[in-house]
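# Analysis of the macromolecular model
Each chain is listed here by its residues.
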Amino acid sequence: MIVCKFGGSSVADAELIRLVAKITQKSNDRRFVVVSAPGKRFAGDDKITDLLIQAHQGSARALEKVRARFLAIAEQLHMEEEIARELETIARRIFLSADYAASRGEYLSARILARLIDAPFVDAKDILCFDASGTLDFRRTYERTRAALKPLARAILPGFYGSLPDGSIRTFPRGGSDITGALVAGAMGAQCYENWTDVDGVFTADPRLVEGVRPIEQISYRQMRLLSSMGASVLHPDSIRPVFRAGIPIQLRNTFREDCPGTRIWADAHARLPLITGKPLESGMCVVAILHAEAPGLLENARASLDHAGIDCASHSVFADHLLFFLKAREFVRAVRALHETLVELPGDSRTCSSPSGTLSAENPDAH
Ligand code: ADP
Ligand code: ASP
Ligand code: MG
């Protein structure tokens, strides 16, 4: 049995929701499907979750945008009446709490997909339990998830939220639908957690920032957790623990390129290329992280690369399996590009993947 999670860009419009339905129905093993709220359809578009948060803060315009977007989806999928009713309820309750408001994108996505494929909708508020302090109660969550899902051949669930002991909605941090998928996979003992997104898998750097990134066929749970906690938004760092504990592999896959195998995250894997990521810090600084610091001469090469690009590095830290560089936030993109060129592209030009949608090489250097 497989648990799938589809991210925001995979459910951004009606056509894509049809594609998600098709992928889901291709295999009876894909029993439990977690969906995000509709994300951006194009650069500069709105994410539904952002609009819902603005609507809660009082923006009537944002609420109207949410309504228009969901009604357009519902109309194309012939379920206007049901979704219009749901939207009325949400509009009435939008000021209830920030978490309630933020969660409604996932709620509606799941309602729509469930109706489309005629599968039961299971509300995450009834199975994902937080304690009064807002910490996830794993034991109760697993018990309830098993009790609710075991009898079902298939079910659609909203990601990103659960409930507090008083029944009110509590969300995970942003990007948290990944965590819901991992919890459902962990509770149900899935053979695989398929996480469907908008890129071919994990790359040596964020393909939005760097041209010539290379695909990673396999990576360990530990490396993935480090990579995502240092800034790689491709998978939420808190989604590793539930599957790691149960020994369930995560297969990161591209909704738009089903033929692409993606990246497998599991215990015995090891990405052999340096992986570069980073994130902003306070006071105009940022951190750039390089995983796989055991490669010979990596620190010297990285420092030379930054020097050559004229980038001042305030300090750096060396750990057993990664390096951190602290520098001005405005130098972030230049630093990532310079380091990627020196550490990944130059050492083996023939392996470069020209674009994020480029074909995964059968001779991927990360294969074991
Ligand atoms: P979803 O909505 O499916 O959860 P996200 O936007 O959260 O998708 O994550 C996918 C994005 O992660 C990609 O579009 C990509 O730009 C970004 N990303 C950052 N670092 C990496 C990396 N090392 N490899 C692949 N993608 C990355
Ligand atoms: N919709 C939420 C967000 O935008 C959660 C998610 O997509 O995983 O952060
Ligand atoms: Mg995400």
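To keep things clear, this report deals only with the structure shown in the data block. It should be emphasised that the depicted structure is a prediction, and the values quoted were computed from it without experimental measurement.

Attention now moves to empty space enclosed by the protein. Per the counting criterion, the structure on display carries 1 cavity of 30 Å³ or more. Approximately 40 Å³ is the volume attributed to the largest cavity. Of all elements in the fold, only α3 (60-76) and α4 (80-93) reach the threshold of two or more residues within the lining of the largest cavity. Looking at the lining of the largest cavity residue by residue, the classes come out as 5 nonpolar, no polar and 1 charged.

Bringing helix α7 (residues 177-188) into the picture now. Taking 1.5 Å of rise per residue, 12 residues should cover 16 Å, and α7 covers 17 Å from first to last C-alpha, within 8% of that figure. Extensive coverage of α7 is indicated by the burial of 12 of its 12 residues. Buried within α7 are the following residues: Ser177, Asp178, Ile179, Thr180, Gly181, Ala182, Leu183, Val184, Ala185, Gly186, Ala187 and Met188. Positive backbone phi, approximately 60 degrees, marks Gly189, located one or two places after α7.

Looking now at the pairing of strand β10 (residues 275-280). Regular strands show a simple pattern: their side chains alternate between the two faces of the sheet. Pairing of β10 with strand β11 (residues 285-291) involves 6 bridges; the strand directions are antiparallel. Within β11, the residue paired with Gly278 across the bridge is Val288. Counting the residues that bridge the hairpin from β10 to β11 gives 4 residues, and of these Ser283 lies at a positive phi of roughly 55 degrees.

In terms of burial, strand β6 (residues 192-197) is largely enclosed, as 6 of its 6 residues are buried. Of the two faces of β6, the one carrying Cys192, Glu194 and Trp196 and the one carrying Tyr193, Asn195 and Thr197 are both buried. In the sheet, strand β1 (residues 2-6) pairs with β6 via 5 bridges, with the strands oriented parallel. Within β6, the residue paired with Lys5 across the bridge is Asn195. Inspection of the sheet shows β6 paired to strand β8 (residues 250-254) by 5 bridges, in the parallel sense. What sits directly across from Glu194, in β8, is Gln251.

Looking now at helix α2 (residues 48-56). Those residues of α2 that fall on the buried side of the exposure criterion are Ile48, Thr49, Leu51, Leu52 and Ala55. Summarising the axial view, the buried residues of α2 lie within an arc of 160 degrees, below the 170-degree limit, and thus occupy one face. The inward-facing, buried residues of α2 abut α3 and α5 (98-117). Gly58 sits one or two residues past α2 and shows a positive phi near 115 degrees.

To continue, consider unusual backbone geometry. In this structure, Asp118 takes a positive phi of about 55 degrees despite not being glycine. As for its position among the elements, Asp118 is in the loop between α5 and α6 (138-149). A residue is classified by how much of its surface remains accessible, and Asp118, at 72% relative accessible area, is exposed. With a phi close to 55 degrees, Ser283 is a non-glycine residue in the positive phi region. Among the structural elements, Ser283 can be located in the loop between β10 and β11. You can call Ser283 exposed: its relative accessible area is 70%.

The rules behind the values
- Residues numbered from 1 in each chain as written.
- Chains lettered and ligands numbered in written order.
- Predicted model: local features only at pLDDT ≥ 70, side-chain atom pairs only at ≥ 80, totals over all residues.
- Heavy atoms only, no water.
- 1 Å grid on protein atoms, 1.4 Å probe; cavity = no way out; pocket = protein on both sides within 12 Å on 5 of 7 lines; lining within 4 Å.
- Points joined across faces, edges and corners; volume = space filled by probe spheres on them.
- Helix = DSSP H or I, 4+ residues; strand = E, 2+ residues; numbered from the N terminus.
- Nonpolar A, V, L, I, M, F, W, Y, C, P; charged D, E, K, R; others polar.
- Expected span 1.5 Å × (residues − 1).
- Buried < 20%, exposed > 50% of the residue type's maximum accessible area, 1.4 Å probe, protein only.
- Pairing = 2+ DSSP bridges.
- Arc of directions from axis to C-beta.
- Contact = heavy atoms within 4.5 Å.

These values are about where atoms sit, not about what they do.
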